[in-house]
Amino acid sequence: MIDLLGYEFMQRALIAAIATGIAAPVIGTYLVQRRLSLMGDGIGHVAVTGVAIGLLTGWSPTWTAVLVAALGALLLEVIRERGHTSGDLALALLFYGGLAAGVMITGIAGQNAARLQQYLFGSLTTISVADVWFTMGLAAAVVLLGLGLSPQLFAVAQDRDFAVVAGLRVRAYNMLIAVLAAVTVTVAMRTVGLLLVSALMVVPVAASQQVARSFRGTLLLAMLVGLLAGVGGLLVSAELSFHATVAPGPAIVLLALAMFVLAWPLGAWLRRRERGRRLSA
Amino acid sequence: MSEAPPVVATDSITVELGGRAVLRDVSVSVDAGEFVALMGPNGSGKSTLVRAMTGLLPTASGAVRLFGTEIDRFRDRSRLGYVPQRAGASSGVPASVAEVVASGRISQRRLLRPARQADRRAVREALEVVGLSDRAHDTVTALSGGQQQRVLIARALAAEPDVFFLDEPMAGVDLPNQRALADALGLLSQRGATIVLVVHEIGAVGDLIDRCIVMRDGRVAYDGLPLTELQVHAAHLPGHLPGHLPGQLPGIPLAVEEHLPHGAEHDRHAHHPGDEHAHERAPHDCPPGHSDVAPGVVGPLDGGEGDRGARR
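Below: a short report on this structure. (Residues numbered from 1 in each chain as written. Chains lettered and ligands numbered in written order. Predicted model: local features only at pLDDT ≥ 70, side-chain atom pairs only at ≥ 80, totals over all residues. Heavy atoms only, no water.)

This next bit is on the sheet that holds strand β3 (residues 35–39) of chain B. Residues and elements named next belong to chain B. Here we have six strands laid out as an open sheet, ordered β6-β7-β8-β3-β9-β10, and mixed in their pairing. The sheet is open, and its two edges are formed by β6 (80–83) and β10 (219–224), each paired on a single side. Averaged over all neighbouring strand pairs, the angle between strand axes comes to 15 degrees, with direction disregarded. Strands β6 and β7 (163–167) of the sheet are contacted by helix α4 (residues 145–158), whose axis makes an angle of about 165 degrees with β6. (Pairing = 2+ DSSP bridges. Helix = DSSP H or I, 4+ residues; strand = E, 2+ residues; numbered from the N terminus. Axes fitted to C-alpha atoms, helices over the stretch in contact; angles between N-to-C directions. Contact = heavy atoms within 4.5 Å.)

Residues and elements named next belong to chain B. Across the five residues that make up strand β8 (residues 194–198), a large majority, five, are buried. Burial of the side chains of β8 extends over both faces: Thr194, Val196 and Val198 are buried on one face and Ile195 and Leu197 on the other. Summarising the sheet, β3 and β8 pair through four bridges and their orientation is parallel. Paired with Val36 across the bridge in β8 is Val196. Looking at chain direction, β7 and β8 are connected through five bridges and run parallel. Paired with Asp167 across the strands is Val198, a residue of β8. (Buried < 20%, exposed > 50% of the residue type's maximum accessible area, 1.4 Å probe, protein only.)

Moving on, we come to the sheet that holds strand β2 (residues 20–30) of chain B. All names here are of chain B. Spatially, the four strands line up as an open sheet ordered β2-β1-β4-β5, and their pairing is antiparallel. Only two strands of the sheet have a single neighbouring strand rather than two, namely β2 and β5 (69–70). Pairing between strand β4 (residues 61–66) and β5: two bridges, direction antiparallel. Looking across to β5, one finds that Leu66 is bridged to Thr69. Each of β1 (8–17), β2 and β4 touches helix α1 (residues 46–53); the most contacted strand, β1, lies at about 115 degrees to it.

What follows deals with the packing of aromatic side chains. Applying the stated criterion across every chain yields a total of seven aromatic pairs over all chains. For the ring pair A:Tyr30 and A:Phe215, a centre distance of 5.6 Å and an interplane angle of 45 degrees mean the geometry is tilted. Here the residue A:Tyr30 occupies a position in helix α2 (residues 8–33), and A:Phe215 occupies one in helix α12 (residues 215–240), the gap between them amounting to 185 residues. The buried category is assigned to A:Phe215, whose relative accessible area is 4%. Three or more aromatic residues joined by ring pairs make a cluster, and in this case those are A:Tyr30, A:Phe154 and A:Phe215. The ring of B:Phe67 has B:Arg79 lying over it, and the distance from NZ or CZ to the ring centre is 3.7 Å. For the cation-ring pair, B:Arg155 lies above A:Phe162, with the distance from its terminal atom to the ring centre recorded as 3.9 Å. (Phe/Tyr/Trp six-rings, centres within 6.5 Å; stacked < 30°, edge-to-face > 60°. Lys NZ or Arg CZ within 6 Å of the ring centre and 35° of its normal.)

Here we take up the pattern of salt bridges. Residue and element names in this part refer to chain B. Throughout the structure, instances matching the rule amount to 21 salt bridges over all chains. Lys46 is the partner of Glu168 in a salt bridge, and the nearest nitrogen-oxygen pair spans 3.6 Å. Here Glu168 is found in the loop between β7 and α5 (175–190), whereas its partner Lys46 is found in helix α1, with 122 residues between them in sequence. Like Lys46, Glu168 is buried. One continuous salt-bridge network, built from bridges that share partners, spans Arg105, Arg116, Asp119, Arg121, Glu125 and Glu160. (Salt bridge = Lys/Arg side-chain N within 4 Å of Asp/Glu carboxyl O.)

Let us now look at the side chain of B:Asp119. Residues and elements named next belong to chain B. Within the secondary structure layout, Asp119 lies in helix α3 (residues 117–129). Asp119 sits in the buried class, given a relative accessible area of 4%. Those residues in contact with Asp119, other than ones at most four positions away along the chain, are Arg105 and Arg109.

On to the interface of chain B and chain A, then. Taken together, the contact pairs 33 residues of chain B with 30 residues of chain A. Carbon and sulfur atoms supply 57% of the area buried between chain B and chain A, which totals about 2700 Å² over both sides. When the buried surface of chain B facing chain A is broken down by residue, B:Val93, B:Pro94 and B:Ile106 rank first, second and third, together holding 21% of it. Linking chain B to chain A there are three salt bridges. Two residues, B:Arg155 and A:Asp159, come together in a salt bridge whose shortest N-O distance is 2.8 Å. (Buried area = accessible area lost by both parts, 1.4 Å probe.)

By size, the foremost hydrophobic cluster in this structure holds 171 residues, and its most contacted members are A:Met201, B:Leu49, B:Val101, B:Phe165 and B:Leu185. Per-element tally for this core: the top contributor is α2(A), with 13 residues. Contacts of B:Phe165, omitting those with residues within four sequence positions, involve B:Val8, B:Val50, B:Met53, B:Thr54, B:Leu66, B:Leu80, B:Gly81, B:Tyr82, B:Val83 and B:Val196. (Core = buried A, V, L, I, M, F, W, Y, C linked by side-chain atoms within 4.5 Å.)

In this section: the pairing of β3(B). Residues and elements named next belong to chain B. Along β3, five of the five residues are buried, which leaves the element largely enclosed by surrounding structure. Side-chain alternation along β3 places Phe35, Ala37 and Met39 on one buried face and Val36 and Leu38 on a second face that is also buried. With four bridges connecting them, β3 and strand β9 (residues 211–216) associate as parallel partners. Across the sheet, residue Ala37 finds its bridge partner in β9, namely Cys212.

The next point concerns α1(B). Residue and element names in this part refer to chain B. Along α1, seven of the eight residues are buried, which leaves the element largely enclosed by surrounding structure. Of all the positions in α1, only Lys46, Ser47, Thr48, Leu49, Val50, Ala52 and Met53 are classed as buried. Immediately beyond the C-terminal end of α1, within one or two residues, lies Gly55, with a positive phi of roughly 85 degrees.

Right, let's talk about helix α13 (residues 248–280) of chain A for a bit. Residues and elements named next belong to chain A. Over its 33 residues, α13 extends 48 Å from the first C-alpha to the last, a length consistent with the 48 Å expected when each residue adds 1.5 Å. The axis of α13 is deflected most strongly, by about 25 degrees, at Ala263, and proline Pro265 appears within four residues downstream. Pro248, Gly249, Ala251, Ile252, Val253, Ala256, Met259, Phe260, Ala263, Gly267 and Glu274 are the residues of α13 that are buried. Residues of α13 that are buried sit in contact with α6 (113–121), α11 (197–211) and α12. (Expected span 1.5 Å × (residues − 1). Bend = angle between axes of the 7 residues up to and from the residue.)

Set out below in structure tokens:
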């Protein structure tokens, strides 16, 4: 394992996994709070189109993905706010439109499916130095805004009406969450891939909220779970790659899911104990 | 009236929802320190009125003024304490009682700055007022519906506002929690807060109310001294209240029908079998000083409870 980390590509991969593992659950917590757990997935599908546009035009697929994903997220937010279509249906439209357009444009660009697959399922080991800087910068922005604005973002999602009366610019904060979610999707694109992006945003939250009793606790613990899953998944896939080809993305997500499975009974036990204490008090 | 502008005033406002007018030409004004109960049957527009007063619903015509300022230009949001109508305080992620209450300070918090000493103190005091200090670190969803409602009141309280708008905080709340809510409201009122409370049944807050506004079909059907439960029902039924124009009381003698021709309607609202009759006869509404408004109903029973009148 130590030998593995001697490789420069593994060091880059490790940095990217740490940044993604920490940043994704921050936005994931706000999405779960809004009951929009699948929003990351919808944005991920839209980002496929962004990547394809990058492949077609020769621009950096990462930047085109950020741009298209952000536009898709804003569109989703507008549709949700206007209430013309249910949020659920709006998501479905984005899912399919994004994926279909992405695959089609990639074909037109004359790229083969393998090139797209790097983005769909992640390919930590082919990350360039520029990508690492990019990932770290965006992840830092997501974490700083996600934690720094947590009182406002929490209030808006907890009770919209109350936030409006309190004078918060609810719309602006909703848009901010949408854009940050799009940025997170793009950050996580290289590590877990667009199709599993949402998992790294949401599964750590699902695991941590089993045992946490507060929003802040859930958020911080989810970051820890994301970090452990990111690093652990990368190392597991690297170990296994001597025997078979295992992409890091699925390993990271499965590890996060395993933590959820462990946290579930622990949370149930904690809650039962709590209730017992209340009743006897 | 003093020279101070009313805390909240609506000037013949009309509010439309989906093209249908749910409030029509409503003009009410609440002065500082008043405790107003906003009543009426479901769909009469009482919640809509509160939502229009807080700026949650736009008005199709007319104007809403808060502390004398047009609502669109009103920036001093921490002066408003809003308690929305809802079953609980839950969301997709657990939140502790302290966190929900702390979100009430949001209009005073500055961007990207940690909570200050004053924020923490206000949260602590708000929890004390509603009697939930010992539950501060519990998850909100672990509390009963009534306790969650108290959390929402504490959240509004944390901003240390001058006026509270409460939208049916008593709905679906058990009796002990209704009392706890009423105690909290009584304390706030005593401290000088203005309170606009949407209630279905006067019940536990009867002693606290200074004034009743009864809505019917999107209009004000009655605006004056507190009514008994029976009178409220009379007021929102067409033709039962002689001259149901707002603002004419206490000049109008309020006929109180013991026979209750609309008994069926009343029974629908009586959630506590066995308790309901005591409820109807109890002098829970008018302070003794106002017994003359409806002599024979409130008078004989409310002697000796001088503390109620003392508040005015």
